[in-house]
Amino acid sequence: MSRYDTQDIIYALATPWGVSGLAVIRISGAGCRQALAPFFSRPEALLEAPNATMVHGYLHDEGQQRIDEVVLAINTEGHGYTAEEAIEVTSHGSVAVIQAILALLGRIGMRSAEGGEFTFRAFIHGRMDLTQAEAVEELVSSVSQRSRSLSLSRLEGRLRARLDELKDRLLTLLAAVEVQLDYSEDEVDEFVFPAASLSSLIASIQTLVDSYQVGRLYKQGARVVLAGQTNVGKSSLFNLLLKEERSIVSPYRGTTRDYIEADLEVGGIPIRLYDTAGLRESDDLVEREGIVRTERLIGEADLVIHLVDSTDLQDIPAEDERTIVVYNKSDLAPVGADKLAISAQSGEGVSRLLSAVEERLKRSLPAGGDEELVIEGERQWRLLEGAKNALLRAEELARDDGVLDVVAVELTEALGYLGELTGEVRSDDVLERIFSGFCVGK
Ligand SMILES: Nc1nc2c(ncn2[C@@H]2O[C@H](COP(=O)(O)OP(=O)(O)O)[C@@H](O)[C@H]2O)c(=O)[nH]1
Ligand SMILES: [Mg+2]
């Protein structure tokens, strides 16, 4: 990867720019302790510190002016995140301190890191495979608890282990075919293609492919729209769900003229919830525009919670895959037990509604598979699809007694896809695309 020269000592601020209690600046690369020692109050302690220890002292500039009191966390070569000699400087979190330290590091011959460069080094040194490297970024950017825990499990190497196992099975298959290709002439027995192993391998890959839908739901979340006539209690429900007064609630019809959106989490799924203008005929231009927008939102929603007023049962829409009909104001009028009744005022029935929302959003997810082993990246999905399709072609060829050479070619192609997934087979521009999406300091 051209932008990343792995000989350099790199540094970056790993915490946000701004005022905070502490700031962490990362440094990685062979010789970094030697380079920093002349500007540290206890150079010997820094140079002699064993791996995974901390050294307390002061950083100062070339003129012996103290910059800040710091703690240096030391990793020697072969250890730590990048598996390189590395220092993590914890300083006070003022912009002036951060600027002074970063400027010093620049002046003493270190280079400011590119986005993802620390993780790139971890990958180059074999500390992690590509799926783990991607999990780092996925973990940093996760917004729901479920997405966080799934990313963490990929970072710990669950996906890597599964892919290694799949590659192993595929290699065994390929070896059987190649032995047959090499020795078939001397063979007396009829060769039996290991069709069962191939089809179970395809099924295993399919399970991973399917898990993409799960990963995407937890990562990207769903759009849920509150719809219904005016005055049915949409804004009241919106506020109740967000547990804060975000929307203006009023007894007058048409109070919510445009939509308001907010984020919440239901069953681990990040949800963007929209409170909309009521769907009713109106002469008011602004309100009509609000209604047009509402209709557009409903069109794009993953799920519509259609509220109706239990005291005024009219225009009840039909339930469908995307619509839940909810009867509000249950405190004022009872509705049949078969209906989903809530009171946005007292909160009665709201937890049942949330369970219904969760169930509905998860309904389309594939059943089976390992719940803790889920992919969420498009790249991973695409390569698994590629591997699966190559194996399906191999299966068909083998079934039709196709030429064994061609079967071998398809199996090899599938192996290539799996290798690309973990990063054994790689090209600079693919790596560039992956790591350049990371934030600096990671
Ligand atoms: N009794 C009762 N009143 C409700 C309930 N939900 C909403 N309201 C009242 O119905 C009126 C309209 O509510 P609002 O949330 O503004 O409706 P929207 O136009 O659909 O957004 C307000 O006076 C609310 O206090 C409920 O569950 N029970
Ligand atoms: Mg409203």
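Cut-off values and rules
- Residues numbered from 1 in each chain as written.
- Chains lettered and ligands numbered in written order.
- Predicted model: local features only at pLDDT ≥ 70, side-chain atom pairs only at ≥ 80, totals over all residues.
- Heavy atoms only, no water.
- Near = heavy atom within 4 Å.
- Polar contact = N/O pair within 3.5 Å; in protein donor to acceptor, adjacent residues only side chain to side chain.
- Areas by Shrake-Rupley, 256 points an atom, 1.4 Å probe, with all protein chains shown as cover.
- Helix = DSSP H or I, 4+ residues; strand = E, 2+ residues; numbered from the N terminus.
- Nonpolar A, V, L, I, M, F, W, Y, C, P; charged D, E, K, R; others polar.
- Domains from an automatic or database assignment.
- Phe/Tyr/Trp six-rings, centres within 6.5 Å; stacked < 30°, edge-to-face > 60°.
- Buried < 20%, exposed > 50% of the residue type's maximum accessible area, 1.4 Å probe, protein only.
- Lys NZ or Arg CZ within 6 Å of the ring centre and 35° of its normal.
- Pairing = 2+ DSSP bridges.
- Contact = heavy atoms within 4.5 Å.
- Axes fitted to C-alpha atoms, helices over the stretch in contact; angles between N-to-C directions.

(A) Region of interest: the site of ligand 1. Every one of the 18 residues lining ligand 1 counts as a neighbour, but Asn 231, Lys 234, Ser 235, Ser 236 and Asp 331 are closest to it. A distance of 2.9 Å is found between an oxygen atom of ligand 1 and a side-chain nitrogen or oxygen belonging to Ser 235. Taking 580 Å² as the accessible area of ligand 1 by itself, protein coverage stands at 88%. The dominant element in the shell around ligand 1, judged by the number of residues it contributes, is helix α9 (residues 234-242), at three residues. Grouping the constituent residues of the shell around ligand 1 by class yields five nonpolar, ten polar and three charged.

(B) The domain arrangement of the protein chain, seen in detail. Its domain assignment divides the protein chain into domain 1 (10-128), domain 2 (140-216 + 373-436) and domain 3 (220-363). The C-alpha centroid of domain 3 is placed 51 Å from the C-alpha centroid of domain 1.

(C) Focus on the packing of aromatic side chains. Summed over all chains, the structure comprises four aromatic pairs. Pairing Phe 123 with Phe 435 gives two aromatic rings, centres 6.1 Å apart and planes at 40°, and the pair type is tilted. With Phe 123 in helix α4 (residues 117-124) and Phe 435 in helix α14 (residues 428-436), this pair connects stretches of sequence that are 312 residues apart. Accessibility classification places Phe 123 together with Phe 435 in one group, the buried group. Taken together, a centroid distance of 5.5 Å and an interplanar angle of 25° make the contact between Tyr 212 and Trp 381 stacked. Residue Tyr 212 is found in helix α8 (residues 195-220), and its partner Trp 381 is found in helix α12 (residues 378-399); the two are separated by 169 residues along the sequence. The exposure class assigned to Tyr 212 is buried, which follows from its relative accessible area of 10%. Three or more aromatic residues joined by ring pairs make a cluster, and in this case those are Phe 120, Phe 123, Phe 435 and Phe 438. Here Arg 66 stacks its cationic end above the ring of Tyr 58, 3.7 Å away from the centre of that ring. One cation-aromatic arrangement involves Lys 442 over Tyr 81; the distance from NZ or CZ to the ring centre is 4.2 Å.

(D) Representation of the sheet that holds strand β3 (residues 53-60) in the model. Reading across the sheet, the six strands line up as β3-β4-β5-β2-β1-β6 and stay open at both edges, with mixed pairing between neighbours. The sheet is open, and its two edges are formed by β3 and β6 (111-112), each paired on a single side. Inspection of the sheet shows β3 paired to strand β4 (residues 66-75) by eight bridges, in the antiparallel sense. When the bridges of β4 are listed, Val 55 appears paired with Leu 72. Together, β1 (10-13), β2 (20-28) and β6 form the strand contacts of α4, whose direction differs from that of β1 by roughly 135°.

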